Amino acid sequence: MSQASWRFCPQCGSPLEWGHVAGAERQACYTPACGFVRWDNPLPVVAAVIECVDRDGAILLARNHAWPERMFALVTGFLEKGESPEDAVAREVKEEVNLDAVSVRLLGTYPFLRKNELLIGYHVQARGDIVLNEELAEFRLVAPDRLRPWPQATGQAVRDWMLSRGMVLPEIVEGNLFAHADL
């Protein structure tokens, strides 16, 4: 179970119960007229390895206000209804750091089990004046040869981007969910 249990059915208000549904333990409403099942499927999230083409190809890492000091990661965001993942990642880059995507290339998909998300990682070449939105506290521009991928979540997209460029991977520090600011 990835999230806390729900107590009541969002469709009819009856109590939800755990049971075996479609080959797994799931919460369901056993009221005959309802039959709601909480599938708890992972949410699709886009992640951008942002290469700033007008800043010597530096990679932009950002820190959310909710994160600890010195912890940085990729710009990420949820898909909107009717939006392609490519459009979503370009929109997120624009919304969060005010950069315009010049090109968008798929890197891969990565499970983020802790948050029940499926990350869709992209290499986004972008340019423009960096202006952080209200979600972000600060950013770092990191030269590609100083980049250090982290083992979980968005760090896997960083790893794949580095491998696609033929870069040698440095030692990965286990347990980190983010890059450290002392890159």
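Please refer to the structure placed before this passage.
Residues numbered from 1 in each chain as written. Predicted model: local features only at pLDDT ≥ 70, side-chain atom pairs only at ≥ 80, totals over all residues. Heavy atoms only, no water.

Peer 1: Mind showing me how you'd approach helix α1 (residues 85–97) here?
Peer 2: Quick reminder: α-helices carry 3.6 residues per turn. Residues three or four places apart thus point the same way. In a regular helix each residue adds 1.5 Å, so 13 residues correspond to 18 Å; α1 covers 18 Å between its end C-alpha atoms and thus fits that length. All buried positions along α1 are accounted for by A88, V89, R91, E92, V93, E96 and V97. On its buried face, α1 is in contact with β4 (43–52), β5 (58–64), β7 (75–78), β8 (100–112), β9 (117–127) and β10 (136–142). One or two positions beyond α1, positive phi appears at N98, with a value near 65 degrees. (Helix = DSSP H or I, 4+ residues; strand = E, 2+ residues; numbered from the N terminus. Expected span 1.5 Å × (residues − 1). Buried < 20%, exposed > 50% of the residue type's maximum accessible area, 1.4 Å probe, protein only. Contact = heavy atoms within 4.5 Å.)

Peer 1: Would you take a moment to explain the pairing of β8 for this structure?
Peer 2: Consecutive residues of a regular strand have side chains that alternate between opposite faces of the sheet. Here β8 runs beside β9; their pairing, made up of 11 bridges, is antiparallel. Across the sheet, residue R105 finds its bridge partner in β9, namely H123. The antiparallel hairpin formed by β8 and β9 contains four residues in its connecting segment, where N116 sits at a positive phi of about 55 degrees. (Pairing = 2+ DSSP bridges.)

Peer 1: How should the environment of V102 be read in this particular structure?
Peer 2: Tracing the sequence through the fold places V102 in strand β8. For the pair V102 and L169, spaced 67 residues apart in the sequence, the C-alpha separation amounts to 26 Å.

Peer 1: Sorry, what's going on with the packing of aromatic side chains here?
Peer 2: Any two aromatic rings considered together are summarised by their centre-to-centre distance and by the angle between their planes. The tally for this structure, following the rule as stated, stands at one aromatic pair. Measuring from ring centre to ring centre gives 6.2 Å for W6 and F36, while their planes differ by 10 degrees; the resulting arrangement is stacked. You can see W6 sitting in the segment before β1 (17–21) and its partner F36 sitting in the loop between β2 (24–28) and β3 (37–38), a full 30 residues away along the chain. (Phe/Tyr/Trp six-rings, centres within 6.5 Å; stacked < 30°, edge-to-face > 60°.)

Peer 1: Please explain the pairing of β9 as it appears in this structure.
Peer 2: By the criterion of burial, β9 is predominantly enclosed, with eight of the 11 residues buried. Across 10 bridges, β4 lies against β9 in parallel orientation. Within β9, the position partnered with L43 by the bridge is E117.

Peer 1: How should I be thinking about the sheet that holds β1 in this particular structure?
Peer 2: The strands that make up a sheet are held in pairs by hydrogen bonds between backbone atoms, and each pair lies either parallel or antiparallel. Strand order in this open sheet of three strands is β1-β2-β3, and the pairing throughout is antiparallel. Lying at the two open borders of the sheet, with one neighbouring strand each, are β1 and β3. Sheet analysis places β2 next to β3, joined by two bridges and oriented antiparallel. The residue of β3 that forms the bridge with A28 is V37.

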